[in-house]
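Chains, contacts and geometry: an overview
Single-letter residue listing:
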Amino acid sequence: MDGLTVGVSTTRDQVPDDFESQAAALFNAEAPSLLHLARFYVEDKTAAEDLVQEAFIRLSRSMARLRDPARGAAYLRSIVINLARDHNRRGLVSLHHRPPPPDDAPSAEEAALGHSIRQEVIDALRALPGRQRDCLTLRYYYDMSPADIADGLGMSVNSVKTHLQRGLRSLSVALREDS
């Protein structure tokens, strides 16, 4: 997480005394997974890091109004999703920057095949309507229950289940067509 930093720009009388430690703990716990979430929506790692950092800035501005601090992670996820949508909607689709390979990189053939398959899934996921993509990402990447997804996205549980079913069906069709 070398490109992300926590910045708090509020005055001491607006937030509780332990705000900075809460923000730092939340950042340490959630920043890596939020970065991965952002990468589902934008291809550029730097843009994804900027979106996550902006999410933490927005959270810091409204932390004092947050009724349940334990919901900070869910709030951050919804901010990242909305920021990514806005980023793409404005036409600021970024250039593709590949992250450096890990130290124990697989063989070139394995890497090419794995990347190809992952890219097909990501492309198919990006082609889905927004709510289906959001529900699938939160369900299978974050392992959230339909009830938690519904709560986080402000939808009914039945709507979440419908979006999950339709999204999985669309992904299945899209991935079968690609193979």
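Residues numbered from 1 in each chain as written. Predicted model: local features only at pLDDT ≥ 70, side-chain atom pairs only at ≥ 80, totals over all residues. Heavy atoms only, no water.

**Notes on unusual backbone geometry**
Most of the time, phi is negative for any residue but glycine, and the peptide bond is trans. Even without a glycine there, the phi angle at D143 is positive, about 55°. Tracing the chain through its elements places D143 in the loop between helix 5 (130–141) and helix 6 (146–153). (Helix = DSSP H or I, 4+ residues; strand = E, 2+ residues; numbered from the N terminus.)

**A few points about the packing of aromatic side chains**
Under the defined criterion, the tally for this structure stands at three aromatic pairs. Ring geometry for F27 against F56: centres 5.0 Å apart, planes inclined by 65°, an arrangement best described as edge-to-face. Of this pair, F27 sits in helix 1 (residues 19–41) while F56 sits in helix 2 (residues 45–62), and the two are 29 residues apart along the sequence. Overall, the relative accessible area of 10% leaves F27 in the buried class. Between the aromatic rings of Y141 and Y142, the centroid separation amounts to 5.1 Å while the plane-to-plane angle is 85°, which identifies the pairing as edge-to-face. (Phe/Tyr/Trp six-rings, centres within 6.5 Å; stacked < 30°, edge-to-face > 60°. Buried < 20%, exposed > 50% of the residue type's maximum accessible area, 1.4 Å probe, protein only.)

**Brief notes about the environment of V160**
Of note, V160 is situated in helix 7 (residues 157–178). By relative accessible area, V160 is classed as buried at 0%. Here the alpha-carbon distance between V160 and I149, two residues 11 residues apart in the chain, equals 7.1 Å. Residues within four places of V160 in sequence aside, it is in contact with C135, P146, I149, A150 and M155. (Contact = heavy atoms within 4.5 Å.)

**Some thoughts on the pattern of salt bridges**
In the structure shown here, the tally under the stated rule is three salt bridges. Among the salt bridges present, the one from E54 reaches R58, with a minimum N-O distance of 3.0 Å. Separated by four residues within a single helix, E54 and R58 lie in helix 2, roughly one turn from each other. Overall, the relative accessible area of 24% leaves E54 in the partly exposed class. The partner of D151 in a salt bridge is R71, with the nearest N and O atoms 2.8 Å apart. One end of the pair, D151, is in helix 6; the other, R71, is in the loop between helix 2 and helix 3 (72–89), and 80 residues separate them in sequence. (Salt bridge = Lys/Arg side-chain N within 4 Å of Asp/Glu carboxyl O.)

**Details of the side chain of T137**
Within the secondary structure, T137 sits in helix 5. At 2.7 Å, the side chain of T137 and the backbone oxygen of R133 are in polar contact. (Polar contact = N/O pair within 3.5 Å; in protein donor to acceptor, adjacent residues only side chain to side chain.)

**Thoughts on the confidence of the model for the chain**
Of all residues in the chain, 74% have pLDDT values of 70 or greater, and the mean over the chain is 79. When pLDDT is averaged over each element of the chain, helix 6 comes out on top at 92 and helix 4 (residues 108–127) at the bottom at 76. Confidence drops under pLDDT 50 across residues 5–16; counting only partners more than four residues distant or on other chains, this segment forms 13 contacts. Here residues 92–98 is modelled with pLDDT under 50, and outside its nearest four sequence neighbours on either side it reaches 14 contacts, counting other chains as well. (pLDDT = per-residue confidence, 0-100.)

**Remarks on the packing of helix 2 against helix 3**
At their nearest, the axes of helix 2 and helix 3 sit 9 Å apart, and the two run at 130° to each other. Regarding the angle of helix 2 to helix 3, the classification is oblique. When you trace helix 2 past helix 3, the crossing you get is right-handed. Where helix 2 approaches helix 3, its residues A47, L51, V52, E54, A55, F56, R58, L59 and S62 are matched on the opposing element by Y75, L76, I79, V80, L83, A84 and H87. Taken together, the residues of the contact of helix 2 with helix 3 break down into 12 nonpolar, two polar and two charged. (Axes fitted to C-alpha atoms, helices over the stretch in contact; angles between N-to-C directions. Parallel < 35°, antiparallel > 145°, perpendicular 65-115°, else oblique. Left-handed = near helix turned anticlockwise from the far one by under 90°. Nonpolar A, V, L, I, M, F, W, Y, C, P; charged D, E, K, R; others polar.)

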